[in-house]
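# Inside the fold
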Amino acid sequence: MNLLLVLPLMIPLTTAALSMLAWRRLPLQRVLSVAGSAGLLGCSVALLAFVWANGIAASQMGAWPAPFGITLVADLFSAIMVVLTGVIGLAVAVYSLASMDEPRESFGYYPLLQVLLMGVCGAFLTGDLFNLYVWFEVMLMASFVLLALGGEPDQLRGAIKYVTLNLVASALFLAAVGILYGIAGTLNMADLARKLEIAESGTLTALAMLFLIAFGIKAAVFPLFFWLPASYHTPPVAVSAVFAGLLTKVGVYALIRVFTLIFVGDTGFTHTLLLVIAGATMVTGVLGAAAQYEFRRILSFHIISQIGYMILGLGLAGLTSSPALATMSLAGSIFYIMHHIIVKTNLFLVSGVASRLGGSFELKKLGGLYRSSPGLAILFLIPAMSLAGMPPLSGFFAKLSLIQAGLAAEQYVIVAIALVVGLLTLFSMTKIWAEAFWKNPPAASAEPPKLTAGERWNLLLPIGLLALLTVTIGFAAEPVFLLATRAAEQLVDREGYIRAVLGEPQ
């Protein structure tokens, strides 16, 4: 058993258990949360280095041979996602030290955060569709309690919408898994990839639609996104940030995994539909953001918009018979996911500090932050301009790679949509800048509160480090894109994944 595959699950599980044992000792829980998140980041980087050097890693739990037992698999794509989970987990854990109120801490915030991170890592590392369902449910339970923790009316309304639609997605997912098992007699993804090659095309298309709807709800694609802007602005900022960075990306990861490994080849109109969904998701998300004047609601709609870019690469890859073009398209999606997770989490963290200093998330009630907190203004501009795709930040190269793939595939309409949406994203970011940072504060506003040295350190350090990562990805775009390309090559090479899990065919 490869220990590096198990540690991203065991570290947050152990941290959560120890935090539960220290239930009445909040200072110890805080230390454990930061230490556990740092440990997760360290082992995830080691896993990525191992997969880069040695190829796809697979391990069978309990020594049961695949496809009969529980399989953990890490290719470069899943290893990258686990590293990003560690980065976001550590940033949010540090930020929580100064932003989370004591009543929520007392009711299990830190153990729940670790359980959520465990669920996310499990979804990225599992090699079995039923266990993917299990990890989705672990995430759903932890995220629902985190969303409702505190019991405020807005939170409860948002939590009900969130859990209702996600339970619908889970029911559809479980139904699809049951039908798939009835057809193929297995749920191991590598085994399914082999057995479904001879399955009837119409059956595969119907199953692909079920998985598309189930994972589409999780990813908040058009028209299945309404739960997200209704819920993500209601909990504390640290919870919003970890949700924004990770949860919808698990849905995107699942879509990319099943539509590059299991549902490939002639699946009817599936990949054309993915391309249409990508365009509609981009447009509706950015128009929703343009109509909002609440900081986190703008950012929530932009999550939806940016999911469209990630699905764009998957749609382009499925519409071409060229492995080189498919690799280019998927590499663009992977690069975009890496950029977006860091940037979007950071923008939510910035919104929390802005609200702390200005007393509100409503843009009309904010103002003057550029003069009262110039450092925060700069730390906002970096991820905001990156989200809009301004060079030389990470978002520019992420969008450029997808635009190039779209032009190479001669999909000019979706390319035009992506460019227009980029301009509208810039409009939304400049609206936040003009209202919250540049204009004079409202006449009735009180003197902004002063942060203690400890609070300033815990709030601004993770924001600064995530901003530094954004700049670094922009200036080191070539090696980062090389990593994304290698990951995309493994996705295109289905046989490599199958051999890593099942071994050579007998």
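Look above for the structure.
Counting restarts for each chain, with residues numbered from 1 along the sequence as it is written. Local features in a predicted model are, by the rule used here, given only for residues with pLDDT of at least 70; side-chain atom pairs are given and counted only at 80 or more, and totals for whole chains, interfaces and linings are based on all residues. Hydrogens and water are ignored here; the side-chain numbers use all heavy atoms of the structure.

## Quick word on the nonpolar core
Short version of the rule: Among buried residues, those of type Ala, Val, Leu, Ile, Met, Phe, Trp, Tyr and Cys that are joined through side-chain atoms within 4.5 Å constitute a nonpolar core. Each residue is assigned to one of three classes by its accessible area relative to the maximum for its type, calculated with a 1.4 Å probe on protein chains only: buried under 20%, partly exposed between the two thresholds, exposed over 50%. We call two residues in contact whenever any of their non-hydrogen atoms come within 4.5 Å of each other.
Counting 187 residues, the largest nonpolar core has Tyr 109, Leu 129, Phe 173 and Phe 437 as its most contacted members. When residues no more than four places from it in sequence are discounted, the contact partners of Phe 437 are Val 350, Gly 368, Leu 369, Tyr 370, Leu 376, Ala 377, Phe 380 and Ile 432.

## Here we look at the packing of aromatic side chains
Test applied: Ring pairs are drawn from Phe, Tyr and Trp, using the six-membered ring of Trp, whenever the two centres fall within 6.5 Å, and their geometry is named by plane angle: stacked under 30 degrees, edge-to-face over 60, tilted for the rest. The rule is short: NZ of Lys or CZ of Arg within 6 Å of the ring centre and within 35 degrees of the ring normal puts a charge over the ring.
Scanning the model with the defined rule gives 27 aromatic pairs in all. Here the aromatic cluster, defined as three or more aromatic residues joined through ring pairs, consists of Phe 130, Tyr 133, Phe 136, Phe 173, Phe 211, Phe 215, Phe 259 and Phe 263. Directly above the ring of Tyr 293 sits Lys 431, whose terminal nitrogen or CZ lies 4.4 Å from the centroid. The residue whose ring lies beneath Arg 486 is Trp 52, and the NZ or CZ to ring-centre distance is 4.0 Å.

## What about the side chain of Thr 470?
Definition in use: Strands here mean DSSP runs of E at least two residues long; helices mean DSSP runs of H or I at least four residues long; both are numbered from the N terminus.
Inspection of the secondary structure assignment puts Thr 470 in helix α19 (residues 453–475). In contact with Thr 470, other than residues within four places in its own chain, are Ile 342, Val 343, Ile 382, Ser 386 and Ser 394.

## Topic: the environment of Ile 179
Position of Ile 179 among the secondary structure elements: in helix α7 (residues 153–184). Each C-alpha atom, one on Ile 179 and one on Leu 207, is 7.9 Å from the other, the two residues being 28 residues apart in sequence. In contact with Ile 179, other than residues within four places in its own chain, are Leu 207 and Leu 210.

## Points about a nonpolar patch on the surface
Stated precisely, the cut-off is as follows: The patches reported here contain residues having more than 30% relative accessible area and no salt bridge. Joining distances are 9 Å for like charges and 5 Å for nonpolar side chains (Val, Leu, Ile, Met, Phe, Trp, Tyr). To measure how exposed things are, a 1.4 Å probe is used in the Shrake-Rupley method; for residues, cover is taken only from the protein chains shown. We define a salt bridge as a contact between a side-chain nitrogen of Lys or Arg and a carboxyl oxygen of Asp or Glu at a distance within 4 Å.
Together, Val 283, Leu 287, Val 420 and Leu 424 line one region of the surface with nonpolar side chains, adding up to about 290 Å² of accessible area. When contributions to the nonpolar patch are tallied by element, the ones reaching two or more residues are α12 (270–290) and α18 (412–438). Here Val 283 shows up in helix α12. Given a relative accessible area of 31%, Val 283 falls into the partly exposed group.

## A look at the pairing of strand β2 (residues 71–74)
Formally: One requirement defines pairing of two strands: DSSP has to find at least two bridges between them.
Of the two faces of β2, the one carrying Thr 71 and Val 73 and the one carrying Leu 72 and Ala 74 are both buried. In this structure, strand β1 (residues 57–60) lies alongside β2, joined through four bridges in antiparallel fashion. Bridging from a neighbouring strand, Gln 60 pairs with Thr 71 of β2.

## Quick word on the state of the cysteines
Let me state the cut-off plainly: Here, the term disulfide refers to a pair of cysteine sulfur atoms separated by no more than 2.5 Å.
Taken as a whole and judged by the stated rule, the model has zero disulfides. Cys 43 carries a free sulfur, and the closest cysteine sulfur to it, the one in Cys 121, is 7.4 Å from it. Residue class for Cys 121 comes out buried when judged on its relative accessible area of 0%.

## Structural notes on the packing of helix α14 (residues 323–358) against α19
The condition is simple: As a rule, the C-alpha atoms of each element are fitted with a line to give its axis, helices using only the stretch in contact, and angles between N-to-C directions run from 0 to 180 degrees. Reported orientations rely on four angle classes, namely roughly parallel under 35 degrees, roughly antiparallel over 145, roughly perpendicular from 65 to 115, and oblique for the rest. If you view the pair so one helix is near and one far, a crossing is left-handed when the near helix is turned anticlockwise from the far one by less than a right angle, and right-handed when it is turned clockwise.
Where α14 meets α19, the axes come as close as 10 Å, and the angle between the chain directions of the two elements is 150°. The pairing of α14 with α19 is recorded here as roughly antiparallel in orientation. Crossing hand, α14 versus α19: left-handed. Touching Phe 335, Ile 342, Val 343, Thr 345, Asn 346, Leu 349, Val 350, Val 353 and Arg 356 of α14 are Glu 455, Leu 459, Leu 460, Pro 462, Ile 463, Leu 466, Ala 467, Leu 469, Thr 470 and Ile 473, all from α19.

## Re unusual backbone geometry
Here the amide bond leading from Phe 222 into Pro 223 is cis, since omega sits at 0°, within 30 degrees of zero. Here the residue pair Pro 391 and Pro 392 is connected by a cis peptide bond, since its omega of 0° sits within 30 degrees of zero. With respect to the helices and strands, Pro 392 occurs in the loop between α16 (374–388) and α17 (394–408). One non-glycine residue, Ala 220, lies in positive phi territory at about 65°. Looking at the secondary structure, you find Ala 220 in the loop between α9 (201–219) and α10 (227–231). Take Ala 220: its relative accessible area is 0%, and that puts it in the buried class. Backbone geometry places Glu 410, a non-glycine residue, at a positive phi of 60°. Mapping Glu 410 onto the fold places it in the loop between α17 and α18.

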